[in-house]
Amino acid sequence: MEKTPFVTLEQIREIAKTYPTPFHLYDEKGIRENAKRLKAAFAWNKGYKEYFAVKATPNPFILKILQEYGCGTDCSSMTELMMSDACGFTGHDIMFSSNDTPPEEFAFAAKLGAIINLDDITHIECLEKTLGYIPETISCRYNPGGIFKISNGIMDNPGDAKYGMTTEQIFEAFSTLKAKGAKHFGLHAFLASNTVTNDYYPMLAKVLFELAVRLQRETGAHIEFINLSGGIGIPYRPDQEPNDIAVIGEGVRKVYEEVLVPAGMGDVALYTELGRFMLGPYGCLVTQAIHEKHTHKEYIGVDACAVNLMRPAMYGAYHHITVLGKEHAPCDHKYDVTGSLCENNDKFAIDRMLPEISMGDYLVIHDTGAHGFSMGYNYNGKLRSAELLLKEDGTVEMIRRAETPKDYFATFDFCDILKKYSK
Ligand SMILES: *Cc1c(COP(=O)(O)O)cnc(C)c1O
């Protein structure tokens, strides 16, 4: 499928008059329509709720939009909990799916009344010691180990993942938690990431539903919800077929009818913790070509760098690039598109066929709405960009300002050495 940006050159020229590049831009209309589709796909399940994975796009304006569609938040750190709290997510609207959890974060999650999803059996003791009690509602994360194969060849390797409890442990955990007063149980697993297939969720559901039936039978713990977690992917590459969330919802429903309903568990609520699927395609990084370099290769230097989008440098991830205004020009130039970090992996694209790029051209780097800005960092003293929201009426709202040197130097505000720049 051809990938087209959700903004035009004219719009970007207008936006750039107020907000200099680089910036992350989000598409409100796309976010809303997608959230509606997700909700509709699982409407058959009475207790269904999406807990948006805050780490994907930790921005209160984004969280507020998703809140309108009944979404809660999935947090894994103190500040994500704080952001959720400040945005008005309360009690069971918050899922705390953390690992290697600092005890004070358990305490804060419990104070907010969040649902705590335990990553490990040893966390039962840590939680009880920290809180002085075991919450009545509690969830456990499962890891079956081995290799998780999805029909069309996609697979992931849970046996190599640090998350979750083994089968044996999760039975023990449920029994222990029940004995310590837990009444309402949840089950969670995240077995494959960025799956671009409609089969992942139904296959994961089968694993979790069958386990849930055994757990309830053997431990007597009442399972109230099953959390299918994240992992539904997006087509970063133009040749990938996007997931159809309606087909996914229907696939999960079939497994629910086959496994849970006959076991008398037709009241189990389903939860999801999607991040990438919710936001990924509805954000892009807009950057301008500022240098061209002709040495052993052809380079285009842009004003964004890996601190604005780490995925290509970190995992060699593909992000499609459109040169605005040249959407229909032939891709007859081979470029490395680079940022300015003193790290040779600071390349948004390597040997990418693109239209001929002129200095000043605006490049849209696609699918940065999730795990984009949020993975940002300050290496080389680079500053994080602004985040902008393209609203449904075509106007633009700044939803996070760009960092300034003052922000960068703020952690030296206890001394005077940098006062020239920090104050
Ligand atoms: C990262 C994460 C998610 C979201 O993953 P996506 O791939 O963005 O859908 C959900 N749950 C947990 C526990 C996570 O760590």
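**Quick word on the domain arrangement of the protein chain**
Partitioning the protein chain into structural domains gives domain 1 (26-280) and domain 2 (282-412). When each unit is reduced to the centre of its C-alpha atoms, the spacing between domain 1 and domain 2 is 32 Å. Tallying the contact residues gives 28 residues for domain 1 and 23 residues for domain 2. Both sides together, the interface formed by domain 1 and domain 2 hides about 2300 Å², and carbon and sulfur atoms give 53% of it. Looking at the side of domain 1 facing domain 2, the largest losses of area belong to Tyr26, Glu28 and Tyr236, adding up to 33% of the total buried there. Two residues, glutamate 392 and arginine 32, come together in a salt bridge whose shortest N-O distance is 3.5 Å. Where domain 1 packs against domain 2, one counts 19 residue pairs in polar contact (both at pLDDT 80 or more). Secondary structure elements with two or more residues in the side of domain 1 that touches domain 2: strand E1 (23-27), helix H2 (28-41), helix H3 (60-67) and helix H10 (276-279). By residue number, the principal contributor to the side of domain 1 that touches domain 2 is H2, which donates 7 residues. Looking at side-chain class alone, the side of domain 1 that touches domain 2 contains 14 nonpolar, 6 polar and 8 charged residues.

**Some remarks on the site of the ligand**
What surrounds the ligand is a group of 14 residues, the closest being Lys55, Gly231, Glu273, Arg276 and His371. Taking lysine 55, its side chain carries an N or O atom lying 2.6 Å from an oxygen atom of the ligand. Separating a nitrogen atom of the ligand from a side-chain N or O atom of serine 229 is a distance of 3.4 Å. Isolated, the ligand exposes 390 Å² of accessible area, and the fraction of that covered by the protein chains is 91%. Here the ligand is seated within the largest pocket. Among the residues forming the shell around the ligand, the class breakdown is 3 nonpolar, 6 polar and 5 charged.

**Observations concerning the environment of alanine 370**
Residue placement: alanine 370 occurs in the loop between strand E17 (362-365) and strand E18 (386-390). Relative accessible area serves as the criterion here: at 0%, alanine 370 is assigned to the buried category. Spatially, the C-alpha atoms of alanine 370 and valine 207 are 27 Å apart, while their sequence positions differ by 163 residues. Not counting residues within four places of it along the chain, the set of residues in contact with alanine 370 comprises Ala56, Thr57, Gly275, Arg276, Leu279 and Gly280.

**Re the packing of aromatic side chains**
Each aromatic ring pair is summarised here by two numbers: the centre-to-centre distance and the angle between the ring planes. Per the stated rule, a full pass over the model turns up 13 aromatic pairs. Ring geometry for phenylalanine 96 against phenylalanine 106: centres 6.2 Å apart, planes inclined by 85 degrees, an arrangement best described as edge-to-face. On the criterion of sequence distance, the pair formed by phenylalanine 96 in strand E4 (residues 94-97) and phenylalanine 106 in helix H5 (residues 103-112) is long-range, its members being 10 residues apart. Comparing phenylalanine 96 with phenylalanine 106 shows no difference in burial state: the two are buried. Relative to tyrosine 256, the ring of phenylalanine 209 lies with its centre 5.8 Å away and its plane at 85 degrees, an arrangement referred to as edge-to-face.

Procedures and definitions
Residues numbered from 1 in each chain as written. Predicted model: local features only at pLDDT ≥ 70, side-chain atom pairs only at ≥ 80, totals over all residues. Heavy atoms only, no water. Domains from an automatic or database assignment. Contact = heavy atoms within 4.5 Å. Buried area = accessible area lost by both parts, 1.4 Å probe. Salt bridge = Lys/Arg side-chain N within 4 Å of Asp/Glu carboxyl O. Polar contact = N/O pair within 3.5 Å; in protein donor to acceptor, adjacent residues only side chain to side chain. Helix = DSSP H or I, 4+ residues; strand = E, 2+ residues; numbered from the N terminus. Nonpolar A, V, L, I, M, F, W, Y, C, P; charged D, E, K, R; others polar. Near = heavy atom within 4 Å. Areas by Shrake-Rupley, 256 points an atom, 1.4 Å probe, with all protein chains shown as cover. 1 Å grid on protein atoms, 1.4 Å probe; cavity = no way out; pocket = protein on both sides within 12 Å on 5 of 7 lines; lining within 4 Å. Sits in = over half its atoms within 2 Å of the grid points. Buried < 20%, exposed > 50% of the residue type's maximum accessible area, 1.4 Å probe, protein only. Phe/Tyr/Trp six-rings, centres within 6.5 Å; stacked < 30°, edge-to-face > 60°.

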